[in-house]
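Breakdown of the fold
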2 protein chains.
Amino acid sequence: MDTVIVFPIYPGVTHLDFTGPHQVLARLPGARTVVASLGGEPVTVDGLTFAGLARLEEVEPCDVLCVPGGFGCVDAMRSDAFLGEIRRLAATARYVTSVCTGSLILAAAGLLEGRRAASHWAWRDQLALFGAIPDPGRVVRDGNVFTGGGVTAGIDFALTLAAELADEATAQAIQLSLEYAPAPPFDSGRPETAAPEIVELVTARNRARMPDRQAIIEQVARERRRA
Amino acid sequence: MDTVIVFPIYPGVTHLDFTGPHQVLARLPGARTVVASLGGEPVTVDGLTFAGLARLEEVEPCDVLCVPGGFGCVDAMRSDAFLGEIRRLAATARYVTSVCTGSLILAAAGLLEGRRAASHWAWRDQLALFGAIPDPGRVVRDGNVFTGGGVTAGIDFALTLAAELADEATAQAIQLSLEYAPAPPFDSGRPETAAPEIVELVTARNRARMPDRQAIIEQVARERRRA
């Protein structure tokens, strides 16, 4: 029987959060990937349209649930319909996983209480509002919960998961087939290594793009505590 | 005026070859990305459907042409219609670029004669059949031709191109926003570092998937020389 890996996506998702892991896991022998959205609606992000999606409401119990992130996560965190499906699938999945701010969606769904989890560096602290333990790791494992850091961490995450689902040789073969021997031209991938003015620039842009982000997430967390 | 970056895609493309660079370059201030296919037909790969594509035949002269790779490259290399559009756009583009085996498509279009170019490690040698100079670099620049190595090299390629199109600070800000501080769990991304049995496994799988690859590419090269 196939290992079924489900990526629930939504408007405002960062596509590389799931296209990276999808490309890795689509090469896992015996695995089947399913990309789904509420109602099976196409999702357009950054001018790219993902169509032919499965209806999330009809996705059957799966082996791996992998929730990607993106600025749209704040809407996903406020969608009872979306969170309901995440909870339903997480309840029976062998692995509950996320990339980037997808961990905030898992957290808003009440799935990360007391769990260590990764997220995008600029959003990671917010995990604590939901009782999760923010972890700066690029790939973090806590029991059956695997979470990746921001966006491109999804590739490292997926190779780690491939080794878990199959074995190291299988994961290494996928790595070789994708020629994953990264050589970034700069060393600015983390706030700890980027120049301070670069960190400031990105932080200012994030703030400009979504000035009420913190307030929204705090509101979601308050509602969760009341629920 | 926007910097227009065009990704021509086709059946059998490896999606991460273009989704990686697309995610990087979509964040370049003042840039506009266009993903196009012959006839604007949707492209389904590994179960993922890309829709809402531009009609390649109608794409206007652009600043950057970026051709992704994938096993489907051998069909693209034999499509006069596809190669014609590649040649038309390359004729006026400021930068002619590729990721992975996209360089073989550029080569088949007659655009790499005497040029150093990168490609996927398992296909790189074939470039020589078209008068190009295979280069093992992860990102290779020869004049206005920028080529990336296999699949994931597209991210390193795109950051290099972002610095060229804008400046290093801009590229570094994109790198930070995508948290691109890769930490592969294994060191198997290149045949030089992978275990011999892993290289053999991937080579055998490639052969099984497309036993006539070498013959097809040699045939295309012969036809090119006669043309």
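Residues numbered from 1 in each chain as written. Chains lettered and ligands numbered in written order. Predicted model: local features only at pLDDT ≥ 70, side-chain atom pairs only at ≥ 80, totals over all residues. Heavy atoms only, no water.

Labelled according to an unreviewed UniProt entry, chain A appears under the name Thiamine biosynthesis protein ThiJ, originating from Inquilinus limosus.

Details of the side chain of Thr-3 of chain A
When you line up the elements, Thr-3 of chain A lands in strand E1 (residues 3–8). Here Thr-3 of chain A is in contact with Gly-30, Ala-31, Arg-32, Asp-63, Arg-94 and Leu-165 of chain A, once residues within four sequence places are set aside. (Helix = DSSP H or I, 4+ residues; strand = E, 2+ residues; numbered from the N terminus. Contact = heavy atoms within 4.5 Å.)

A few points about the UniProt feature "domain: DJ-1/PfpI" (unreviewed entry) in chain A
Per the UniProt record, "domain: DJ-1/PfpI" (unreviewed entry) is annotated on residues 5–163 of chain A. Structurally, residues 5–163 of chain A comprises 29% helix and 26% strand, and the distance from its first C-alpha atom to its last is 14 Å. (UniProt positions renumbered as here; feature names shortened; annotations may be inferred.)

Description of the layout of surface pockets
Empty space within the largest pocket amounts to approximately 490 Å³. Taken together, 24 residues form the lining of the largest pocket, with Phe-71, Asn-206 and Arg-209 of chain A together with Arg-27 and Ser-177 of chain B sitting closest to its centre. A class-by-class count of the residues in the lining of the largest pocket yields 11 nonpolar, nine polar and four charged. There is about 330 Å³ of room inside the second largest pocket. (1 Å grid on protein atoms, 1.4 Å probe; cavity = no way out; pocket = protein on both sides within 12 Å on 5 of 7 lines; lining within 4 Å. Points joined across faces, edges and corners; volume = space filled by probe spheres on them. Nonpolar A, V, L, I, M, F, W, Y, C, P; charged D, E, K, R; others polar.)

Description of the relation of the copies chain B and chain A
Each copy superposes on the other: chain B lies on chain A with an RMSD of 0.0 Å after a rotation of 180° and an axial shift of 0.0 Å. Those values place the two copies in the arrangement expected of a two-fold rotation axis. When C-alpha positions in chain B are compared against the rotation axis, the closest is assigned to Phe-50 of chain B, at 2.5 Å. Take the interface residues of chain B: 100% of them recur as interface residues in chain A, which is what a same-surface contact looks like. (Least-squares fit on C-alpha atoms with pLDDT ≥ 70 in both.)

Comments concerning the pattern of salt bridges
Any two side chains of opposite charge can pair, on the condition that their charged atoms come close. Residue and element names in this part refer to chain A. Using the criterion set out here, one finds 22 salt bridges over all chains in the structure. Between Asp-2 and Arg-32 there is a salt bridge, and its shortest N-O distance comes to 3.9 Å. Remark: Arg-32 occurs in strand E2 (residues 31–37) and Asp-2 occurs in the segment before E1; sequence separation between them is 30 residues. According to the relative accessible area criterion, Asp-2 is partly exposed, its value standing at 38%. Residue Arg-32 is classed as partly exposed on the basis of its relative accessible area of 42%. (Salt bridge = Lys/Arg side-chain N within 4 Å of Asp/Glu carboxyl O. Buried < 20%, exposed > 50% of the residue type's maximum accessible area, 1.4 Å probe, protein only.)

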